[in-house]
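Fold and geometry: a report
Now for the letters of each chain:
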Amino acid sequence: MVQRKTFAPSVWAGTPGEEQIKQLRPALDSKGKKVGEEWFTTMKVENALTRYHVAGDRAKTKVLELLRALSAELQTKINILVFASMLLVIAKALFGHVSEGRRRKWVFPALTQRQRSQNTGTLHGAEGMKITGLSPYWFDAAQGGAVQNNVDMKSLFLLTGPNGGGKSSLLRSICAAALLGICGFMVPAESAIIPHFDSIMLHMKSYDSPADGKSSFQVEMSEIRSIITRATSKSLVLIDEICRGTETAKGTCIAGSVIETLDAVSCLGIVSTHLHGIFELPLRTKNAVFKAMGTELIDNRTMPTWKLIDGICKESLAFETAQREGVPEELIRRAEELYISVYAKDALRPHDSKLKHFTSPTVHKSNAVTDRQSLPKKECSSMIQPVNTADVLHREVESAVISICQNRLIDLCKKNDLLNPSAIRCVLIGAKEQPPPSTIGASSVYVMLRPDRKLYIGETDDLQGRVRAHRLKEGMQNASFLYFLVPGKSMACQLETLLINQLPSRGFHLTNLADGKHRNFGTSDLLQTEVLVG
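Residues numbered from 1 in each chain as written. Predicted model: local features only at pLDDT ≥ 70, side-chain atom pairs only at ≥ 80, totals over all residues. Heavy atoms only, no water.

**Focus: the packing of aromatic side chains**
Worth spelling out the cut-off: Under the pairing criterion, centres of Phe, Tyr and Trp rings, with the six-membered ring standing for Trp, must be within 6.5 Å; the plane angle then separates stacked pairs below 30 degrees from edge-to-face pairs above 60, leaving the rest tilted. Secondary structure counts use DSSP, requiring at least four H or I residues in a row for a helix and at least two E residues in a row for a strand, with both numbered from the N terminus. Think of it in three bands: with a 1.4 Å probe and only protein chains considered, a residue is buried below 20% of the maximum accessible area for its type, exposed above 50%, and partly exposed in between. Whether a charge lies above a ring is judged from NZ of Lys or CZ of Arg, which has to be within 6 Å of the ring centre and within 35 degrees of the ring normal.
Within the structure shown, the criterion is met by six aromatic pairs. On the numbers, 5.9 Å between centres and 90 degrees between planes, the contact of Phe319 with Tyr339 is edge-to-face. Placement of the pair is Phe319 in helix α8 (residues 318-324) and Tyr339 in helix α9 (residues 329-348), with a sequence separation of 20 residues. Both rings, one in Tyr446 and one in Phe481, keep their centres 6.1 Å apart while their planes meet at 55 degrees; by these two values the pair is tilted. Highlighted residues: Tyr446 in strand β19 (residues 444-449) and Phe481 in strand β21 (residues 480-485), separated in sequence by 35 residues. Exposure remark for Tyr446: the relative accessible area of 1% places this residue in the buried category. Phe481 gets classed as buried once you look at its relative accessible area, which sits at 0%. One aromatic cluster in this structure is built from Tyr137, Trp138 and Phe139. For Lys291, the ring lying beneath its charged end belongs to Phe157, and the centroid distance is 5.2 Å.

**What about the nonpolar core?**
Rules: Side-chain atoms within 4.5 Å link the members of a nonpolar core, which is a set of buried Ala, Val, Leu, Ile, Met, Phe, Trp, Tyr and Cys residues. Only heavy atoms enter the contact rule, under which two residues are in contact if any of them lie within 4.5 Å.
Formed by 28 residues in total, the largest nonpolar core has its most connected members in Val397, Cys405, Phe484, Leu495 and Leu503. Mapped onto this core, the elements with two or more residues apiece are α11 (389-415), β19, β20 (455-460), β21 and α13 (489-502). For this core, the leading source of residues is α11, giving nine residues. Discounting residues that sit within four places of it in the chain, Leu495 has contacts with Cys405, Arg408, Leu409, Leu412, Val445, Phe484 and Val486. Ranked by size, the runner-up nonpolar core spans 25 residues in total, among them Val107, Leu170, Val187 and Leu236.

Everything listed here is a matter of geometry and, on its own, says nothing about what the molecule does.
Take a look at the structure:
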C-alpha cells in the first residue's frame, strides 16, 4: 500500500509509468472502508497479503493440533507432573531454609513423644521441652548481639519481669522454635529437645473489635475460652500479660483461675503477667513454676538483663520506661510522689503482707526473698554485675551534650521569640532498636555511638531514615544513637555545629570534624578558653 499525490494526466500521459498508475486501486481496511483518499494498493500486494493470511491460519491450525496431541499424551502423566513441580518448590524452600539456618547457626531439634500420668501429672518417657541457647528468630545470632536463654520446661511457667524485660520476646521465640521443630525445620538455638505437641496456642495483646461490639477484654476472654477448652496435656500454651484489660482485683483472680486450670491439664506453657497480687492468692497448683526475666543494679539504676531466671520479679521499671520514651519529667516526678504517698505508707506497716511488693527493685528468688538493702555492703556489691563500657560512654556523652547545648538552646529560643524550652532530654536508641514514632517530622540533633567508641554528630528531620542509612554502612549494624528534639531545623543545625566544635575539647573523638568548619557556631567558647589559659 502506497500513498500518492493527485496525478496530473497532462504530465503522466504517454510515459512508461502510466500503465502502472492505472493499476492502482483505493486501499481498504478490514471492514471494507477506504483508508483514505490518498492511500492505494495493487493486485500484487493484495494477492501477497492473502497468501500471508492463509499461511498464518495454516500455521495456527498446525500448532493447535500439535498442542492437543501433546496435551493428550501428558494427560495420563499429569499427576506425576504436578507432584514433581510441588516437590521442586518444597525442595527449593527447604534448601533456602537450611542454608540460612546453617549461616545463622541454627540446629535441627530432637523430637520426642510426650506422655503424662493422669494421676500424678508427672512426665513419662520424654523430659518436657529443653532448649539451650535460644535466641529470637528475628536476630542473626551469628553476628552477635542477641541475648540467648536456656529453657528447661517440664510444666507451666508463671513469668514475671519488668517492662521491656523480654517477656513477650521470649514467648514469641519459644512459639517459633516449637512450631519450626515439630515441622522438621531448624530452630534458633544451640540444641533443642521438643515434644510433638498436638497444638500450639499463643495469645498476645488483644485489641477491641467495634464491628463485633466487643471490647479488648471481651476479645481476650473469648481467646482464653478457646485455649482453655482445647488445651490438652500435649499442648503448648503461651499467654502474654493475661487479664491486662480489666480492673486489677478481678483480673488477678481470673488469671489465677486460668493458671489453676492449665496446671490441672498438665500442659506445657508460659503465662506472663504484671499482676503481682496473684502470688497472694491461695492457688491450687501442683506443677506450676515461678520464672522471671532478670534485672541488675547499675549505679543505683535497675536495668533488665533479658535473661530467664528462677523466682519472681516484682519490679516493673514503669517510671524508667516512661522516662526513656520521652514522657515529661514533671509528669514522672508527680507519678513518683503519688506512688510514695499511697504505697510507701502500706510498706511501712509492720507485718503487712504488702511489704514484699515495695522493697528495693530486685529479683526475688522462689522460697527465699532477697533484699539488697538488707545485705551487708560486701555481699550486695557482689550481686551487681560490672558496668558495661558502652553504658559509661553513653552517660558521658549525654552529660556533655546537655552541658554544651542547654544554655545555647535557651538563648536561641529567646532570639526567635519562642517559649523557654524544657531541659534537654537525651533519648537512647540501642543497637537493633529504631527511633520512636514521635521523631517523625521533628527536627532533632543526634550522636551516633560507633562500635569503635568514636562519635558522629548530625541533625535531621527524618531520624528513622538517617539511623537506617548509618546502619547500612559496614561495621555500623550495632551502632547506638543519642538524640534530642529541638524546635526547628535552623536551631538543629546550629546545635549540631556547636557539638562538633566543642566535644573534641572534652576528650571525645569525632569522625566528622570537617562538618564543623562550615559555620562559626560553637567556636567562641573555645577561643575564650585559649585566651584565659594564655
